[in-house]
Structure formats: structure tokens, C-alpha cells
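Here's the letter readout for the chains.
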Amino acid sequence: MTITRRSFLAGAACLGAMKTPLLASALQNSDAAAVSTQLLSGDWEFYRGPLDPRFQVWHSEELVTWQKVSLPHCFNSYDGCDPDIPAYRGDGWYRTRLSVRNPYPNGRTLLHFEGAGQRSEVYLGTERVHDHTGGYDEFMVDITEACARLNKGKDIPLAVLCDNGRDMERMPSDLSDFTLYGGLYRNVWLVYVPAISFEAVHTTVSFEPGKPAHIAVTSRLYAPQQSGTNLDLLVTILDPAGKRIHSKTLQRAAWTGEVELASFQIDTPQLWSPATPQLYRCEVTLESASGKTSATHRFGIRHTRFEEHGPFYLNGERLLLRGTQRHEDHAGYAAATPEEILRKEFALIHAMGANFIRLAHYQQSRLVLDLCDEYGLLVWEEVPWCRSGVVSTLFRQRGLDLMRTMIDQHRNHPSVLFWGLGNEDDWPGEPHGEEHDQIRAYMTELRDLVHKLDPSRYTSFRRCDFAKDIPDVYSPSIWAGWYSGSYVEYRDALEKARKATPYFFHAEWGADSHAGRHAEDADPMLAHILTGHGTAEKGFDYKLTGGTPRMSRDGEWSETYACDLFDWYLQTQESLPWLTGTAQWIFKDFTTPLRVENPVPRVNQKGLTTRDLTPKEGYYVFQSYWAKEPMLRIYGHNWPVRWGKAGQQRLVRIYSNCAEVELWLNGKSLGKKKRTPDDFPCSGLRWDAAFRAGENELRAEGRLGNSLVKDSVRFTYQTTAWSKPAKLSLRTVSDTSDHTTVEARLQDTAGVLCLDSRAVVRFSLAGNGTLLDNLGTPNGSRVVQLYNGRAEISLQHTGAVVAGVHADGMESAFLTLEKTR
């Protein structure tokens, strides 16, 4: 196919086995581009395990069974959060056949990998043509000569080894608190270019508020076998509406290195910001005797400034950075998240009202950066120097190369505010972690490299106090109310950090919550939390054993507590005129090898959504502070059974950005309340109500401007007290043509639901069916803690099956499902 809008490189990548890590074709988004590309998504086969590429990859049918797959593909998509066995670490082989038909005389044939984890080798036939270390940056492989050496006119066997095995000299560290996935989990393309094409095209923007913007366009060529050739070039700039505002033609001989092609000014620029993410377009066309090619990218015009010990300014106006963070991870796909799901994720982030995102802890896909540009999300993107000292000379060089590549590939994106130098390189037990001088020296080297390559951006780092003076902007560890202390200490922690750090930003804060678990009363652990002893995460506080009392270890992990913590933090942040901003950890639950004892094993549950993007109640707390569109949410949509004594007053929470809200219980108005931001919790939108035993309905209305918003929930109110848990039961709660969902319940001897139970249950299935498990969600794990005495899982079956559930200390329960599919 011919390349179309944003379908090819926006930056740079590696070509062939050449030494530089910055080579790329920057071709995209131009109808005039004489470039052909083919997305290599189908007709792949996969095998997990070691093979000898000299023979076994293509002569292995008697040794192994290959699985037909489509790309993108992650070979940890199922086992990334298996509760029983750690995720696979090792070799995974992919193979397909290429029909190479380069239309350009003496043209170059390339393979473009948008990302492959964590180390890769590329083979044509039995010849290794390239190897690459790094799981998150894009790279290119020139296969022109290798194709010529193979039989012409025949399909060429292509094999790719992806290896995510343990390697101390590769970033990120194996101590990292996220799964190091393996596979071809981003797109792979077959690309044809003329003998002379673009390696990269960049725009550099200089702008101060109230003045014209100065734009410079620079470029590097990719021409391995060409020199002295005359080139005709056309540089065109289009404004955000698509109108041509600048055009320049020039002729020059082929060059080496990066040279300026054009510079000009825009007298009245349309500025990029979260409110108005205006994007210009740069198109550069190159024509020679070898053929015609074009490169296109978008850019924005904006000005940023940090005030010492004070706020952040965008385009001359103070902007509070309201942020979250993300890993490339999703239920059922792991790192190979489909485009439509990724777009849904960013639509949810935008609808929440965020204007900032930290991309943890590695370079993320081109589509992620494109969406940040389009939605007006300012970005912190960092190299994966995570929880490690400076292991070796090779390790050090790899990190520098990854920084060069990330900047070269993503510097055109106006959304990028920070180039992150790393994360938590003060971690206990890390390799060479006690060698503070080496860590400081390396961090300085990374910082200086960034300033040289892109002086328009800031460097940043989170949690390494002995080196906090090195990055331009620093975030200490502040986890008040979770890993230490109480959330009421948050304001004091911010003030202390402000004084200690000239340019301060608070990255990472929040609380784990087990979706579906709620509390009628305050978490009893709150009475045992010590205050006045700091609010940082220390040592191995993330573990569920050892150390002083803390909510992360001893709390209930309810959505109720998480919402209160979010509410307190957001109320505090919005009230501080000096604050630059913060980024909550994290938008979506994700897998980790370190947290096998969590309510969903091997899942970090601090997300505002579950791993399948189902919003938790905390998502709406953020919306109530940040969203521009009117919203109203009665707390507890996934709380089917509430409890208490007959006639007891129970709290109804509503999160809304409406000025006034009215609440009805079972058709009777409980009155109106005004939203008061400093009235904690819920900004005053809370009611005490006496529910009737059995079924109840809450309904609410609010108005923002001329918009009326409504919400309602139904639930059962249980007034019968339960005694000691005694038995499990299973029942079907939904049955569709696609799957059946069953619910496990824990009851006392009288059959009363034990609503405070957090027992661990294990689901099983016998017969011709499959559990939909290892999804990393509370309703998609075969081993899971109960949420308010219950838990669900779905299954698919084509005949009679028997579902089972077990918990230690009691008899298993079984349910026979007869219906066929």
C-alpha cells in the first residue's frame, strides 16, 4: 500500500547493523510520498522456547508445534499475572515469509519494528541480519543486500527472536515492579524507499508569549550508497486548519549529518495547550534521479516555564498539571494492546480532565505520543533506568543510546515536557545501588546529553534523594496515607518538598483498591497509623509483611478508602497556588512479578480503572475536580449489597462538578446540597440516609450551566448480622451466547452473606470449557480475594461443565452448567 496519514515513522530508529542508534525513515502523511509500505500483521507463526536458527527455525515441525498468530503479539498475554507460576522469561520465535517486490531501481528494502521486547535478532533464511537490545524503542533493519543474496522472485523466510530473559546489563532492571514482556508487541512493517530518502526530519520551535514564533526545519538523509547526487527539495508548512503558510524550494547535493533546510517565523502563532491543542504540519519532499519521497510530521508552538519554588506556566499563564501515569498493559493482550483499546484508554484519560501524563517507565508507542498531542496532554517520558545502579560500561552506554533514540524519535511532539532520566535508583538491593558517586555521575551524564540534544525540554527524575540536585525537576517519594503516615499529612509533605527542591513536581501518589470492595465504616486500621514519622515509601514497604503499621499492608484495600484519599489529595492540590502539579499512580491496573499476594495476584491495583479499563469509583472523584463536562456519580455502582442495622444512618456519597445536587431515596427527596470544595469528603455532596431492608434505589440530579445530569443505583440493604464464615456457594449471574458468569459467595451456617470477608478463593472448571482467567481483574482471575464476601469469574463452554470454588478451611462448592454453545 502507499503510505498515508501518520502511518509511518515520526522519528528515528536503527538501520541494519550500523553503529548509530538514530537512523530512521521519517516518512509519513503525504499524498506525494513515493514510498510503499506493507503492514506485516498476518501469516505469522510463533513458538515459545529456544531454537537453533541455523536449522531448527525452518525445520522444526517434528520438534515443536508452531502457533498461528497475528501481530502485534505478546507471548506473556496469558501468563503475565498467572497466580501460580511467574510469567515466562526467555526466547520466543516468530516466523513468516516475505514477498519482496521493491518498485524503486536500486531502492532500499527495510523492516521497521515499532517495538520488540526485550532483545531481538532478525534472520533472513539462516542469516542473522540484525540484533537489537531494548524493548521499547523503534528500530529499522536494512535487508536490501540480504534479499539480493537469496533467491530472487521467491518468498524470503523471515524469522525474529524476541528474548525477555534476565539480563543484568539491559534496562530496565529485573528488580522493576512491572512485567518485562516479550514479543513483537508493536507493529512490524516492510518498507520500500528510493536509494536516497529521509532518515529523520525535525522542527525546532523558539517562542516567547507575545512574540513571533521561529521555526527551523532540519533533516538527515538515508543514502548508504549515494553521494554527490543533486536533490530537489520542497518544504511546506500547513497551519492547524490545513492552510499553507510557508513554502520553500531548494536544490542541493546530498549531505551527511543533520542540516537546516528552512527557517522562518510565524507572526501570530496558534498555540498548543491542553485547552487548544493546535497542531501545525511540516511536509518535506525530496526528488532525485533515484525517485521521489516525502516526510511529514506535526508540531506545536508553546512556551513553558517553571518558577523557582513556585508554579508552572504554559504560554505565560499558570497551569496546574493534573496528571496520571500509564504502563503499556491490558487484560488479555499485555503489551500488545490493540489500537482501538489504546484510543479508548486515552479518551477516558481526557474525559477525566487530565492535562498531564507520565509514561512509565520507558519509551512508549508512537500512537501514544500522537494521542497526547491531540488531546493536549503534557508528557513525562523516560528512559528505563529503573531500580538499578550503573551495572557496567555496556549498561551505561545502552542507557545513553536509549536516551538519544527516544529524543530523536519523539522530539517533534509538542506534548513532551520532560525527558525523564530514570526512576527509583535508590532501591534497596539493586545492583551497585550503594555506589552513589557512580549513580550521580551517570545521572549527570544523561542530563547533559538531554540538554545538548534538546535544550528546549526539562529533565526530570523521581525518587533518588542523594541526587535530587541533578535533574531540572525532581519528585521525592510522598505516599501519605498509603506506604506511611496519614493522608492528612499530605499538605505538610508538599510544603517540605517545595522548600527542599527548587523545581518540584509530585509524581506517584495514590492507593491500591480491590474493585468491588467497599466499606460502610472507616477502615479500622486508621486508628493504628502513626503520624509525624514521614510520608515516603521506604525500603520494601510495598510488601505485605514486616515493618510498621501502614495502610498498604494492613488496610482493607477498599474503593471507599481510596476515594477518600484521592479526595483529600485533590482538594489539597487545588488549593495550593504555588504547586506545579502531580501525577497519580496509576491510571490502569497492571501486572508485576513482585506482588503475588495482592488481592488479584501479580497485579498492582492502584489504577483508577481495572486492567480491562472498567472505571473504579475513584475515577469519578478525579472527574469531579478536573472534568469540564458536567458529571455526577453516586458512589457504589458495583456495590450490590450494603449492610447495617435496621434504621441505621448510612452515608451516601456523590461525586460531581455540579454546583448543586438533589438526592432521592426510594422516590423521596432527601434534599439539595451545594458543592463546597473544602468540605471533605465529596465536597459536601453527602447525605446520611436510613435504607429499608431489601431493595433500595438512589437517584440524583445536578446541573452545570444549562446541562442536567442524572445518576441512579439499585442495591440490597442487608440487616441480618452474619457470624463466622462457614460455607461457599456458586450461582450463575449472567448467561450470554458468548460466556457465562458465575458468582461465588461466602456465607455463615444460616446462609447469611459474610460481607466483610476477604478470604482467598480459587475457581476451577471441569468439562468441555475454559475459564476466562489470568486477565488481572477481580472478575478475571482464578485466584482472588473476595470483595464483600463475593467474587465472580466468567467461562466459555461447549458442553456440560462443572464449575468449582474452593477456600482454605471449608468445603468446595460446585455448579453444573448443562447448556451447550
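Shown above is the structure to which this text applies.
Residues numbered from 1 in each chain as written. Predicted model: local features only at pLDDT ≥ 70, side-chain atom pairs only at ≥ 80, totals over all residues. Heavy atoms only, no water.

A few words on the environment of Trp 578. Along the chain, the position of Trp 578 falls in the loop between α8 (559–574) and β28 (581–583). Exposure remark for Trp 578: the relative accessible area of 8% places this residue in the buried category. For the pair Trp 578 and Gly 546, spaced 32 residues apart in sequence, the C-alpha separation works out to 37 Å. (Helix = DSSP H or I, 4+ residues; strand = E, 2+ residues; numbered from the N terminus. Buried < 20%, exposed > 50% of the residue type's maximum accessible area, 1.4 Å probe, protein only.)

What follows is about unusual backbone geometry. In this structure, the amide linkage connecting Leu 71 to the following residue, Pro 72, adopts the cis form with an omega of 0 degrees. Examined against the element boundaries, Pro 72 turns out to sit in the loop between β3 (67–69) and β4 (91–98). Unlike most non-glycine residues, His 309 shows phi in positive territory, near 55 degrees. On the accessibility criterion, His 309 (27% relative accessible area) is partly exposed. One non-glycine residue, Cys 682, adopts positive backbone phi at about 65 degrees. Looking at the element boundaries, Cys 682 is found in the loop between β35 (668–674) and β36 (686–690).

This next bit is on the sheet that holds strand β32 (residues 641–643). Adjacent strands of a sheet pair through backbone hydrogen bonds, lying either parallel or antiparallel. Pairing within the open sheet is mixed, and its five strands lie in the order β32-β38-β37-β34-β35. Of all the strands in the sheet, just β32 and β35 have a single pairing partner and so form its edges. Across the sheet, the mean angle separating the axes of adjacent strands is 30 degrees when strand polarity is ignored. The pairing of strand β37 (residues 694–704) with strand β38 (residues 707–718) spans 11 bridges and is classified as antiparallel. What sits directly across from Gly 694, in β38, is Tyr 717. (Pairing = 2+ DSSP bridges. Axes fitted to C-alpha atoms, helices over the stretch in contact; angles between N-to-C directions.)

Taken N-terminus to C-terminus, the directions of helix α2 (residues 339–352) and helix α9 (residues 617–626) make an angle of 50 degrees; their axes are 8 Å apart at the nearest point. Overall, the two elements α2 and α9 adopt an arrangement that is oblique. Here α2 contributes Leu 348, Ala 351 and Met 352 to the contact with α9, which in turn contributes Tyr 619, Phe 622, Gln 623 and Trp 626. Taken together, the residues of the contact of α2 with α9 sort by class into six nonpolar, one polar and no charged. (Parallel < 35°, antiparallel > 145°, perpendicular 65-115°, else oblique. Contact = heavy atoms within 4.5 Å. Nonpolar A, V, L, I, M, F, W, Y, C, P; charged D, E, K, R; others polar.)

Before going further, it helps to spend a moment on the environment of Leu 417. Along the polypeptide, Leu 417 turns up in strand β24 (residues 416–423). Here Leu 417 falls in the buried class, since its relative accessible area comes to 1%. For the pair formed by Leu 417 and Ser 294, sequence separation is 123 residues and the distance between their alpha carbons is 28 Å. Leave out the neighbours within four places in its chain, and Leu 417 touches Arg 302, Thr 304, Phe 306, Phe 312, Leu 321, Phe 356, Leu 378, Val 379, Arg 457 and Tyr 458.

For the rest of this paragraph, the subject is the packing of α8 against α9. Where α8 meets α9, the closest approach of the two axes is 9 Å, and the angle between their N-to-C directions is 20 degrees. Classified by the angle their axes make, α8 and α9 are roughly parallel. Considering the relative orientation of α8 and α9, their crossing is right-handed. Listed contacts from α9 to Glu 559, Cys 563, Phe 566, Asp 567, Leu 570, Gln 571 and Glu 574 of α8 are Glu 617, Gly 618, Val 621, Phe 622, Tyr 625 and Trp 626. Its residues placed into classes, the contact of α8 with α9 shows seven nonpolar, two polar and four charged. (Left-handed = near helix turned anticlockwise from the far one by under 90°.)

Time to look at the nonpolar core. Membership of the largest hydrophobic core comes to 105 residues, with the highest contact counts inside it found for Phe 346, Trp 385, Met 403 and Met 443. The element that contributes the greatest number of residues to this core is α8, accounting for seven residues. Tyr 94, Ile 156, Cys 162 and Leu 184 belong to the second-largest nonpolar core, a separate cluster that totals 29 residues. (Core = buried A, V, L, I, M, F, W, Y, C linked by side-chain atoms within 4.5 Å.)

Okay, the packing of aromatic side chains next. Under the definition given, this model contains 43 aromatic pairs. Between Trp 585 and Phe 590 the ring centres are 5.7 Å apart and the planes differ by 85 degrees, which places this aromatic pair in the edge-to-face class. Given a relative accessible area of 2%, Phe 590 falls into the buried group. Pairwise contacts between aromatic rings join Phe 306, Phe 312, Phe 356, Trp 380, Phe 418, Tyr 458 and Phe 505 into one cluster. Sitting over the face of the ring of Trp 66, Arg 95 holds its NZ or CZ atom 4.1 Å from the ring centroid. Across from the ring centre of Trp 664, 4.3 Å away, lies the NZ or CZ of Arg 699, which sits over that ring. (Phe/Tyr/Trp six-rings, centres within 6.5 Å; stacked < 30°, edge-to-face > 60°. Lys NZ or Arg CZ within 6 Å of the ring centre and 35° of its normal.)

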